[in-house]
Amino acid sequence: MTEDNAVAIRNARPEDIDTVIRLDELGTGLAKPDYWHDIFAGYVRQPGAGRFFLIAEAAGAVVGFIVGETRIWEFGSPSCGWVFAVNVSPERREGGIGSHLLEAICERFRRSGVDTVRTMISRRDPLNLAFFRSQGLTAGPYIELERRLD
Ligand SMILES: CC(C)(COP(=O)(O)OP(=O)(O)OC[C@H]1O[C@@H](n2cnc3c(N)ncnc32)[C@H](O)[C@@H]1OP(=O)(O)O)[C@@H](O)C(=O)NCCC(=O)NCCS
């Protein structure tokens, strides 16, 4: 566990699940218990290689989390680290916890042997865009394409 301004970063534990579900609901406005139970099964209870679920804790309370994994040859890409969820408790935002979580997972990615981190952000999500831009992430070499199936 590492300490920084009374915030510690540690691996998630099974008992964190209810807090994660609540924080995610606060951040996104949508409760997704089934999704988080699936994620905990594969990233916390029996984490596969290169999978990381980190918790930021202050004074014994969970104040944020980040989840990601290394992926190789997805879309033809060499190995890289993907962050697919990050969340800080609303009352603890803008205090450096998000940056701390991102740096902690990037360190784990580096130790896994990858040299690039990626994420995906909604065009309608200026908060996450501002956050990831502040951390040095810029537009990458891939674009997402989609169409409706109806
Ligand atoms: C994005 C988020 C993780 C940032 O966490 P945080 O702890 O507040 O981030 P930090 O304090 O480390 O901020 C780092 C930088 O991000 C940017 N940033 C953070 N909050 C911002 C805001 N409200 N407006 C504009 N920029 C902001 C700033 O550039 C900031 O750097 P600065 O402090 O030098 O200005 C947090 O706002 C959050 O949890 N948002 C909801 C996330 C969400 O919707 N998750 C679900 C989908 S993954």
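Residues numbered from 1 in each chain as written. Predicted model: local features only at pLDDT ≥ 70, side-chain atom pairs only at ≥ 80, totals over all residues. Heavy atoms only, no water.

**A few points about the site of the ligand**
Thinking step 1. In the vicinity of the ligand, 19 residues are found, and the nearest of them are V88, E94, G96, G98 and S99.
Thinking step 2. Within the side chain of N87, one N or O atom sits 3.5 Å away from an oxygen atom of the ligand.
Thinking step 3. Here an oxygen atom of the ligand sits 3.3 Å away from a polar atom, N or O, in the side chain of S134.
Thinking step 4. Taking 940 Å² as the accessible area of the ligand by itself, protein coverage stands at 68%.
Thinking step 5. When contributions to the shell around the ligand are tallied by element, the ones reaching two or more residues are α1 (17-28), β5 (80-88), α3 (97-111) and α4 (126-134).
Thinking step 6. Sorting elements by how many residues they give to the shell around the ligand places α4 first, with 5 residues.
Thinking step 7. Here the shell around the ligand is composed, by residue class, of 7 nonpolar, 10 polar and 2 charged. (Near = heavy atom within 4 Å. Polar contact = N/O pair within 3.5 Å; in protein donor to acceptor, adjacent residues only side chain to side chain. Areas by Shrake-Rupley, 256 points an atom, 1.4 Å probe, with all protein chains shown as cover. Helix = DSSP H or I, 4+ residues; strand = E, 2+ residues; numbered from the N terminus. Nonpolar A, V, L, I, M, F, W, Y, C, P; charged D, E, K, R; others polar.)

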